[in-house]
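Given next are the chains, with one letter for each unit.
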Amino acid sequence: METADAVMPFVTAAIGAYGGAVLTRTAELAARTPDARGARILQRVFGRGDPYSRRVIEEVAVAKPDDEPSRTALKLAIMKAFEADPVLATEVAAMLPRPAATAADHRREPAGGGMH
């Protein structure tokens, strides 16, 4: 569920940008934008899309931005794909951006990486 939560901002941004055709978009995939990342995630999770996943994506594409039922259906479809293929969840998690290290993180690390 954690990975499904983490991908939602990216996949909904991609659907917002590309609509129901998000699974067939390829030219934008090299871009390093959240929309492109979301499109890559959706394509990895759903491939070209079975009828159910295409319908869920289309529902999100035409819904209002705050339409929770369609977003919940998308998240459930992603979670179902992760349950069916646990390796997929790990692969998708690796596609998410890494949080940037903060100055506070560096202050907590002992000089020399803790090796004395």
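(A) Up close: the confidence of the model for the protein. For the protein, the average pLDDT comes to 80, and 80% of its residues sit at 70 or higher. For the protein, the element scoring lowest by mean pLDDT is helix α6 (residues 103-108), at 50; helix α5 (residues 86-95) scores highest, at 92.

(B) Local environment of the side chain of Ser70. In this fold, Ser70 is placed in helix α4 (residues 68-84). Looking at Ser70, its side chain comes within polar contact range of the side chain of Asp67, at 2.5 Å. Residue contacts for Ser70: discarding those within four places in its chain leaves Glu59, Val60 and Ala63.

(C) How the structure looks around the pattern of salt bridges. The tally for this structure, following the rule as stated, stands at three salt bridges. Among the salt bridges present, the one from Arg44 reaches Glu91, with a minimum N-O distance of 2.2 Å. Here the residue Arg44 occupies a position in helix α2 (residues 34-46), and Glu91 occupies one in helix α5, the gap between them amounting to 47 residues. Arg44 sits in the partly exposed class, given a relative accessible area of 36%.

(D) A look at the nonpolar core. By size, the foremost hydrophobic cluster in this structure holds 30 residues, and its most contacted members are Val22, Leu42, Val45, Phe46, Leu74 and Ile78. Within the residue set of this core, elements represented by two or more residues are α1 (2-18), α2, α3 (51-62), α4 and α5. Sort the elements by how many residues they give to this core and α1 lands first, with eight residues. Beyond its immediate sequence surroundings of up to four residues, Ile78 is in contact with Ala4, Val7, Met8, Val11, Val45 and Phe46.

(E) Region of interest: the packing of α1 against α4. Contact pair α1 / α4: the axes reach a minimum separation of 10 Å and the direction vectors enclose 125°. Between α1 and α4, the angle falls in the class oblique. The crossing of α1 and α4 is right-handed. Facing Thr3, Ala4, Asp5, Val7, Met8, Val11, Thr12 and Ile15 of α1, the residues of α4 in contact are Arg71, Leu74, Lys75, Ile78, Met79 and Phe82. Partitioned by chemical class, the residues of the contact of α1 with α4 number nine nonpolar, two polar and three charged.

(F) View of α5. Within the span of α5, buried status applies to Leu88, Ala89 and Val92. Taken around the axis of α5, the buried residues stretch over an arc of 100°, which confines them to a single face. Turned more than 90 degrees off the buried face of α5, the exposed positions are Pro86, Val87 and Thr90. Contacts made by the buried residues of α5 are with α1, α2 and α4.

(G) A look at α2. Taking 1.5 Å per residue, 13 residues should reach 18 Å; α2 reaches 18 Å between its end C-alpha atoms and fits that length. Within the span of α2, buried status applies to Ala36, Arg37, Gly38, Ala39, Ile41, Leu42, Gln43, Val45 and Phe46. Gly47, located one to two residues past α2, shows a positive phi value of around 60°.

Calculation notes
- Residues numbered from 1 in each chain as written.
- Predicted model: local features only at pLDDT ≥ 70, side-chain atom pairs only at ≥ 80, totals over all residues.
- Heavy atoms only, no water.
- pLDDT = per-residue confidence, 0-100.
- Helix = DSSP H or I, 4+ residues; strand = E, 2+ residues; numbered from the N terminus.
- Polar contact = N/O pair within 3.5 Å; in protein donor to acceptor, adjacent residues only side chain to side chain.
- Contact = heavy atoms within 4.5 Å.
- Salt bridge = Lys/Arg side-chain N within 4 Å of Asp/Glu carboxyl O.
- Buried < 20%, exposed > 50% of the residue type's maximum accessible area, 1.4 Å probe, protein only.
- Core = buried A, V, L, I, M, F, W, Y, C linked by side-chain atoms within 4.5 Å.
- Axes fitted to C-alpha atoms, helices over the stretch in contact; angles between N-to-C directions.
- Parallel < 35°, antiparallel > 145°, perpendicular 65-115°, else oblique.
- Left-handed = near helix turned anticlockwise from the far one by under 90°.
- Nonpolar A, V, L, I, M, F, W, Y, C, P; charged D, E, K, R; others polar.
- Arc of directions from axis to C-beta.
- Expected span 1.5 Å × (residues − 1).

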